[in-house]
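Letter by letter, the chains look like this.
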Amino acid sequence: MLAPLVVVKMLWAAALVLAYIVLCVAVYWQYRRRHSPVMVAPKTWLIAYATQTGYAHHLAQHTAKTLRLAGLSVQELPLAQLTAAMLQQAEQLLLIVSTYGNGEAPDSARLFVRRVMAQALPLTGLRYGLLALGSRHYPQFCAFGGELDAWLQTQGAQAYFDYIRVDNSDKQAISLWGNAIAECTHCQNVMPDAWQQSAFSSWIIQSQELLNPNSLGAPVYYLQLTPVNPSHETWQAGDLIQLHINDQQPLRDYSIANVTSDHIALLVRLQYRPEGGYGLGSGLLTQSALGTEVALRIRHNPSFHIANNQHRPLILIANGIGLAGVLAHLRQRVLQASARPCWLIFGERQRAVDYFCQQELEQYQSQGLLARVDVVFSRDGESLRYVQDVLMAQASELQQWLTQDAAIYVCGSLQGMAQAVDDALKDIIGQQQLDMLSQEGRYQRDVY
Ligand SMILES: Cc1cc2nc3c(=O)[nH]c(=O)nc-3n(C[C@H](O)[C@H](O)[C@H](O)COP(=O)(O)OP(=O)(O)OC[C@H]3O[C@@H](n4cnc5c(N)ncnc54)[C@H](O)[C@@H]3O)c2cc1C
Ligand SMILES: Cc1cc2nc3c(=O)[nH]c(=O)nc-3n(C[C@H](O)[C@H](O)[C@H](O)COP(=O)(O)O)c2cc1C
């Protein structure tokens, strides 16, 4: 048995050692804070955005420009580049984020969610304002914005105002954002009415070719439209058009399938409304008489551009009308002097009727632009039915293409295809490598 005095002494010694360790950790922490590189200058307004189709970026640019004109120090960056250390240094943060998929973060912010939002960070020194972009058309309205707001609150950050939700670029909500940032930044000239996206112009429907007569699926048309007035619009592979139906209806997006600027080519699947009649957008485009004028604008879609992948081999994966986005990239490659090869993986229902643009694709194959083509049909009784089945069956080929620096582009349906492709890629190369590809811009998606 130890004497009570010895026990007390031992307890004291232990307490002293513990206090010493705590002191050392605190000193080290202070040292780390002081000597870590300054990533956010004091009093700077950080403006971070997460976007899929560019609207959040557009608003971030206007917000940043407005604050800079008022003489404030501003640092604007994609959410993907915002690190935990920067969040801890920052004092004032404005966030503009959209929601994508099924209530998720846009692709470019997936890593931020997994790496930063998975942590507990003391952010009591941070104040922030948040604009969440979304659409009430989706059940999880502005879900990612809400998640980000809740996470910031949990870390002790203080909101300047309740986060603002925007339904499909609703002007009133954008105006609220203008007022809110004017108040928290003490900026006078915030005029969100002037932050309009580009105007609509009139285009004439020149042709509507039915691509899949007798298909089990809904009709798909190849459309060509020319501008009423000489157009100065420019676009590149990956961009979309936004079709204006009327002021009450949200705009409809369609992937542009070509890159020459004399006309716009689209692949449109005619939709039927449950209550009867055609879908408003697809009906207008495919069932109107030739010569009909429609109002549209180009929506630049950086998350599906070629960007740094211009000199890389491409693995192009599409189902159905997703072929539009893939065609645009192939057609862009044709114009490129020394194009690296592409691998097309395309899925539809029946080879006899649903192999859209077969002639053109076979031509690219014979020219060597398409080094490999895997076309699969889900209703022909073959063993490989879907594009994700091709990936699994060709796992080592995929690895080889990736070793040769290939980039992956996925275009088509979110339900059923995009998630299954994502899962197959994770199975084959692992989450970490997929994250890395995403970070390097080598995994791009235009899925809806
Ligand atoms: C990025 C992107 C690219 C696309 N590319 C193509 C393509 O290349 N080819 C193609 O055929 N289709 C494409 N679509 C689908 C297309 O935008 C339309 O959703 C589709 O044509 C059905 O619209 P509709 O007006 O014909 O049908 P409707 O039956 O009139 O619309 C379906 C329902 O959805 C609502 N709705 C439709 N679109 C939207 C929207 N954008 N926001 C909010 N609510 C909406 C309508 O109010 C209605 O309730 C794409 C969609 C996205 C998001
Ligand atoms: C495929 C797809 C999925 C979407 N999913 C959601 C969603 O789950 N919840 C939501 O509120 N908005 C959703 N939206 C709407 C977008 O958030 C909205 O269009 C936003 O303005 C896009 O901003 P961005 O261009 O910055 O990405 C979705 C849009 C698309 C194209």
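Coordinates for the structure precede this section.
This part covers the site of ligand 2. In the vicinity of ligand 2 there are 22 residues, among which Thr 51, Gln 52, Thr 53, Thr 99 and Cys 142 approach most closely. Between ligand 2 and the protein, one listed contact pairs an oxygen atom with a backbone N or O atom of Gly 54 at 3.1 Å. In the model, an oxygen atom of ligand 2 is placed 3.1 Å from a nitrogen or oxygen of the Ser 135 main chain. When isolated, ligand 2 has an accessible area of 640 Å², and the protein chains bury 93% of it. Broken down by secondary-structure element, the contributors of at least two residues to the shell around ligand 2 are α2 (55-69) and β4 (127-134). When grouped by side-chain class, the residues that make up the shell around ligand 2 number nine nonpolar, twelve polar and one charged.

The next thing to look at is the site of ligand 1. The immediate surroundings of ligand 1 are formed by 23 residues, with Arg 252, Asp 253, Arg 273, Gly 281 and Ser 282 found nearest. Between ligand 1 and Gln 249, the relevant distance is 3.5 Å, taken from an oxygen atom to a side-chain nitrogen or oxygen of the residue. A total of 900 Å² of accessible area belongs to ligand 1 in isolation, and the protein chains cover 82% of it. Mapped onto the shell around ligand 1, the elements with two or more residues apiece are β10 (252-255), β11 (264-269) and α7 (280-287). A class-by-class count of the residues in the shell around ligand 1 yields nine nonpolar, nine polar and five charged.

On to the packing of helix α8 (residues 323-334) against helix α10 (residues 358-367), then. Their axes nearest at 12 Å, the elements α8 and α10 cross at an angle of 40°. As the angle between them shows, α8 and α10 are arranged oblique. Crossing of α8 against α10: the hand is left-handed. Residues Leu 323, Leu 327, Leu 330, Arg 331 and Val 334 of α8 form the contact with α10, whose participating residues are Glu 360, Leu 361 and Tyr 364. Grouping the amino acids of the contact of α8 with α10 by side-chain chemistry returns six nonpolar, no polar and two charged.

What follows is about the sheet that holds strand β15 (residues 370-377). With respect to topology, five strands assemble into an open sheet ordered β15-β14-β13-β16-β17, the strand pairing being parallel. Only two strands of the sheet have a single partner each, and these edge strands are β15 and β17 (443-447). Neighbour-to-neighbour, the strand axes of this sheet turn through a mean angle of 10°, independent of strand direction. In the sheet, strand β14 (residues 342-348) pairs with β15 via seven bridges, with the strands oriented parallel. Residue pairing across strands places Gly 347 opposite Val 376, the latter belonging to β15.

Our focus in this paragraph is the pattern of salt bridges. Per the stated rule, a full pass over the model turns up 15 salt bridges. Across the salt bridge formed by Arg 269 and Glu 348, the nearest N and O atoms sit 2.8 Å from each other. Placement of Arg 269 in strand β11 and of Glu 348 in strand β14 is noted, with a sequence separation of 79 residues between them. Taken as a pair, Arg 269 and Glu 348 share a single burial class, namely buried. The salt bridge partner of Glu 397 is Arg 372, with a shortest N-O separation of 3.8 Å. Here Arg 372 lies in strand β15 and Glu 397 lies in helix α12 (residues 395-403), a separation of 25 residues in the sequence.

Parameters at a glance
- Residues numbered from 1 in each chain as written.
- Chains lettered and ligands numbered in written order.
- Predicted model: local features only at pLDDT ≥ 70, side-chain atom pairs only at ≥ 80, totals over all residues.
- Heavy atoms only, no water.
- Near = heavy atom within 4 Å.
- Polar contact = N/O pair within 3.5 Å; in protein donor to acceptor, adjacent residues only side chain to side chain.
- Areas by Shrake-Rupley, 256 points an atom, 1.4 Å probe, with all protein chains shown as cover.
- Helix = DSSP H or I, 4+ residues; strand = E, 2+ residues; numbered from the N terminus.
- Nonpolar A, V, L, I, M, F, W, Y, C, P; charged D, E, K, R; others polar.
- Axes fitted to C-alpha atoms, helices over the stretch in contact; angles between N-to-C directions.
- Parallel < 35°, antiparallel > 145°, perpendicular 65-115°, else oblique.
- Left-handed = near helix turned anticlockwise from the far one by under 90°.
- Contact = heavy atoms within 4.5 Å.
- Pairing = 2+ DSSP bridges.
- Salt bridge = Lys/Arg side-chain N within 4 Å of Asp/Glu carboxyl O.
- Buried < 20%, exposed > 50% of the residue type's maximum accessible area, 1.4 Å probe, protein only.

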